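# Inside the fold
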Amino acid sequence: MSDVIKLNKLPERVILPLKQHDGIACAPLVKKGDEVHLGQKLGDCKGSELAYIHSPYCGNVVAVEARPAPGGKSVLSVVLEPVECTEAPEFVPEKEAPPSRLMEIIEAAGIVEYYEKPTYKILKPGPLIDTLILNATFPLITRAYLPFLDKVLEGFQLMLEAGGISKGVIVLRADDKESIQAFKKASLNGKPLPVAPIIGKRHADYYFEDTDSDLIALVAGKKTYTPTMMNLLSADVMGRSLPLGYKPEDVHLSICGVKSAKAVYDAIKEGKPYLENAVTITGAVNNPKSLFVRFGTPVKDVIEACGGYRGEPGKLIINGSMGGVAVYTDEVPIVKNTTGIVVQAKEEVLRDEAMPCIHCARCVDACPVNLLPGRIAVMADCGMYEKCGEYYALSCIECGECAAVCPAKRHLVQLIRYSKLQLQKMNEAKNAEVIE
Ligand code: SF4
Ligand code: SF4
């Protein structure tokens, strides 16, 4: 197991978007000319879903202005000129915090899930949660945290305690042998952590009946459950299938990432706010690897730490080639939900012309949630978004299986994703009308 190094070189500029979660943007607490110290709160939020922004660097504020963010939009950001910290900040740990205080610490630390929800919100979303699932099916990310596995496990237990959740399930990929071995060697309160495979209908509850541990690790298939696949994860691991339009919390489940468990440990046991993530850099760079990167560090500095681009860059995709977002500049920063960067060289970028559909139905056979991808895509292309909704476009998990098999090279995922965005906008507009 090789340790993942931390990117320590100071970038020329640090860009901290004041919105790094699914909620209302934070208001800046600093202005141009201010000096900031490591861990200082830079943004204050209001609303029901909060994720405060803290500074991962010491430095001087050179601007508070809109800058491109990884999601594709311009977001009001605090821009810093970082400097080496001359004094270590005094983080105040609360090692013996009572359960009633844990949630406040997690909220104050600004921890955000890989699917953009603030972590404190998913621990007590409203409906009672009986099981917290830790999604460790991103092998490169999981492996980056293996040197801190004891902290990840302790952080996960603290999350259960904070949310009053009775059981925890860690889900691993079947082909991630390194992580499976590490979890098999791990201990929990002095006992080995139970690790078992999911076989047929033996879901987590089957194994809980067999053990006195309220925390187990399960080895699932060779699938990475991306943010759009949470319902599938709930069904595969817990056997709790979700009707269309429902969320895991509706069947008493919540899902968190490995990085959050480590961040919760850091917040409670070391007093640190959420300042960095492990990020995997793959594709057309000279030295692909995983690095711990502080938020606000521009992607170009991360690429440079990987030996620079290999060949002429064609496309930069944040958070994976299947469900990620292509960005038009490497000046965008690493933010709280950034877990990976994929670089495609110019010659690798698919530029196939889409042809008319030949009605072969291969996309229908490939779709794991039984949609009609070709038909939804045609309707999306014609602007018939309500019809897309009637054909359950919102249930698309953006896995890309349909596009991968389409002989006509149709841009199925992009079209379906666009229809989902339009449907969400239409729903928001309807809800706003109801409130008025
Ligand atoms: S991306 Fe395609 S295959 Fe995957 S769920 Fe959506 S429509 Fe189905
Ligand atoms: S796979 Fe492509 S060509 Fe075949 S039905 Fe689907 S969209 Fe049409």
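Residues numbered from 1 in each chain as written. Chains lettered and ligands numbered in written order. Predicted model: local features only at pLDDT ≥ 70, side-chain atom pairs only at ≥ 80, totals over all residues. Heavy atoms only, no water.

## Observations concerning the overall build of the chain
When helices and strands are counted, the chain shows 14 helices and 19 strands. Relative to a compact globule of 436 residues, whose C-alpha radius of gyration would be 22 Å, the chain shows 22 Å and is just as compact. Along the three orthogonal principal directions, the C-alpha set of the chain runs to about 65 × 55 × 55 Å. Counting every position in the chain, which comprises 436 residues, the buried fraction comes to 49%. The long-range fraction of contacts in the chain, counting pairs at least 24 apart against all pairs at least 6 apart in sequence, stands at 68%. Here the chain contributes 50 positively and 54 negatively charged side chains, and the mean placements of these two sets differ by 3 Å. (Helix = DSSP H or I, 4+ residues; strand = E, 2+ residues; numbered from the N terminus. Rg over C-alpha atoms; globule rule 2.2 N^0.38 Å. Buried < 20%, exposed > 50% of the residue type's maximum accessible area, 1.4 Å probe, protein only. Contact = heavy atoms within 4.5 Å. Lys, Arg positive; Asp, Glu negative; His and termini not counted. Charge placed at Lys NZ, Arg CZ, Asp CG, Glu CD.)

## Here's the deal with the state of the cysteines
Scanning all chains against the criterion turns up two disulfides. Paired by a disulfide, Cys-26 and Cys-45 hold their sulfur atoms 2.2 Å apart. Of this pair, Cys-26 sits in the loop between strand 1 (14–17) and strand 2 (27–28) while Cys-45 sits in the loop between strand 4 (41–44) and strand 5 (53–54); the two residues are 19 residues apart in sequence, bridging distant segments of the chain. In terms of burial, Cys-26 and Cys-45 fall into one category: buried. With its sulfur 1.8 Å from that of its partner, Cys-58 forms a disulfide with Cys-85. Taking the sign of the S-S torsion, 105° for the link of Cys-58 and Cys-85, the bridge is right-handed. (Disulfide = S-S within 2.5 Å.)

## As for the domain arrangement of the chain
Here the domain parsing of the chain yields domain 1 (14–90 + 272–344), domain 2 (99–270) and domain 3 (362–435). Of note, the centres of domain 2 and domain 3, computed from C-alpha atoms alone, are 29 Å apart. Here domain 2 meets domain 3 over a buried area of about 460 Å², counting both sides, of which 73% is carbon and sulfur. The tally of links from domain 2 across to domain 3 stands at zero salt bridges. On inspection of domain 2 and its partner domain 3, the count reaches one residue pair in polar contact (both at pLDDT 80 or more). A class-by-class count of the residues in the side of domain 2 that touches domain 3 yields three nonpolar, two polar and no charged. (Domains from an automatic or database assignment. Buried area = accessible area lost by both parts, 1.4 Å probe. Salt bridge = Lys/Arg side-chain N within 4 Å of Asp/Glu carboxyl O. Polar contact = N/O pair within 3.5 Å; in protein donor to acceptor, adjacent residues only side chain to side chain. Nonpolar A, V, L, I, M, F, W, Y, C, P; charged D, E, K, R; others polar.)

## Notes on the site of ligand 1
What surrounds ligand 1 is the set Cys-367, Pro-368, Val-369, Pro-373, Cys-396, Ile-397, Glu-398, Cys-399, Gly-400, Glu-401, Cys-402 and Ile-416. Of the residues in the shell around ligand 1, the class split is nine nonpolar, one polar and two charged. (Near = heavy atom within 4 Å.)

## As for the packing of helix 1 (residues 99–108) against helix 8 (residues 258–270)
Contact geometry of helix 1 with helix 8 gives a least axis separation of 9 Å together with a crossing angle of 115°. In terms of axis orientation, helix 1 runs roughly perpendicular to helix 8. As for the relative orientation of helix 1 and helix 8, their crossing is right-handed in sense. Together, Leu-102, Ile-105 and Ile-106 of helix 1 and Val-264, Ala-267 and Ile-268 of helix 8 make up the contact between the two elements. (Axes fitted to C-alpha atoms, helices over the stretch in contact; angles between N-to-C directions. Parallel < 35°, antiparallel > 145°, perpendicular 65-115°, else oblique. Left-handed = near helix turned anticlockwise from the far one by under 90°.)

## Here we look at the sheet that holds strand 7 (residues 74–83)
With antiparallel pairing, the four strands of this open sheet are ordered in space as 1-7-6-3. Strands at the two margins of the open sheet, each flanked by one partner only, are strand 1 and strand 3 (35–36). Both strand 6 (residues 58–68) and strand 7 contribute to a ladder of ten bridges, which runs antiparallel. Across the sheet, residue Asn-60 finds its bridge partner in strand 7, namely Glu-81. (Pairing = 2+ DSSP bridges.)

## Focus on the packing of helix 4 (residues 149–163) against helix 8
Following both chains from N to C, one finds helix 4 and helix 8 inclined at 80°, their axes separated by 7 Å at the closest point. Looking at the two axes, helix 4 sits roughly perpendicular to helix 8. Residues Lys-151, Val-152, Glu-154, Gly-155, Phe-156, Leu-158 and Met-159 of helix 4 form the contact with helix 8, whose own contacting residues are Val-258, Ser-260, Ala-261, Lys-262, Val-264, Tyr-265, Ile-268, Lys-269 and Glu-270. Residue composition of the contact of helix 4 with helix 8, grouped by class: nine nonpolar, two polar and five charged.

## Here we look at the environment of Val-92
Along the chain, Val-92 turns up in the loop between strand 7 and helix 1. Each C-alpha atom, one on Val-92 and one on Ala-267, is 9.0 Å from the other, the two residues being 175 residues apart in sequence.

## Some words on the nonpolar core
One finds Ile-170 and Ile-341 to be the most contacted residues of the largest nonpolar core, which totals 110 residues. Counting residues per element, this core draws most heavily on helix 4, which supplies eight residues. Counting contributing residues per domain, this core is built from domain 1 (14–90 + 272–344) and domain 2 (99–270), each supplying no fewer than three. Apart from residues no more than four positions distant in its own chain, Ile-341 is found in contact with Val-279, Thr-280, Ile-281, Thr-282, Val-299, Val-302, Ile-303, Leu-316, Ile-317, Ile-318 and Ile-334. In terms of nonpolar packing, the next biggest core, distinct from the first, is built from 18 residues, Cys-363, Ala-377, Cys-406 and Ile-416 among them. (Core = buried A, V, L, I, M, F, W, Y, C linked by side-chain atoms within 4.5 Å.)

## Focus: the sheet that holds strand 2
Strand order in this open sheet of three strands is 2-4-5, and the pairing throughout is antiparallel. Two strands lie at the open edges of the sheet, namely strand 2 and strand 5, each paired on one side alone.

## So, the pairing of strand 17 (residues 313–318)
Relative to strand 19 (residues 340–345), strand 17 runs antiparallel, the two sharing five bridges. Bridge pairing in strand 19 links Ile-317 to Val-342. When strand 17 meets strand 18 (residues 325–327), the two strands line up antiparallel, connected through three bridges. Each residue of the ladder has a partner; that of Leu-316, found in strand 18, is Val-327.

## What to know about helix 7 (residues 230–238)
Residues that lie three or four places apart on an α-helix share one face, since the helix turns once every 3.6 residues. Every buried residue belonging to helix 7 is among Met-230, Leu-232, Leu-233, Ser-234, Val-237 and Met-238, and all of these are buried. Looking at the buried residues of helix 7, the elements they touch are strand 8 (131–136), strand 9 (167–172), helix 6 (204–208), strand 13 (215–219) and strand 14 (253–257). Note on helix 7: the residue one or two positions beyond its end, Gly-239, has a positive phi of about 70°.

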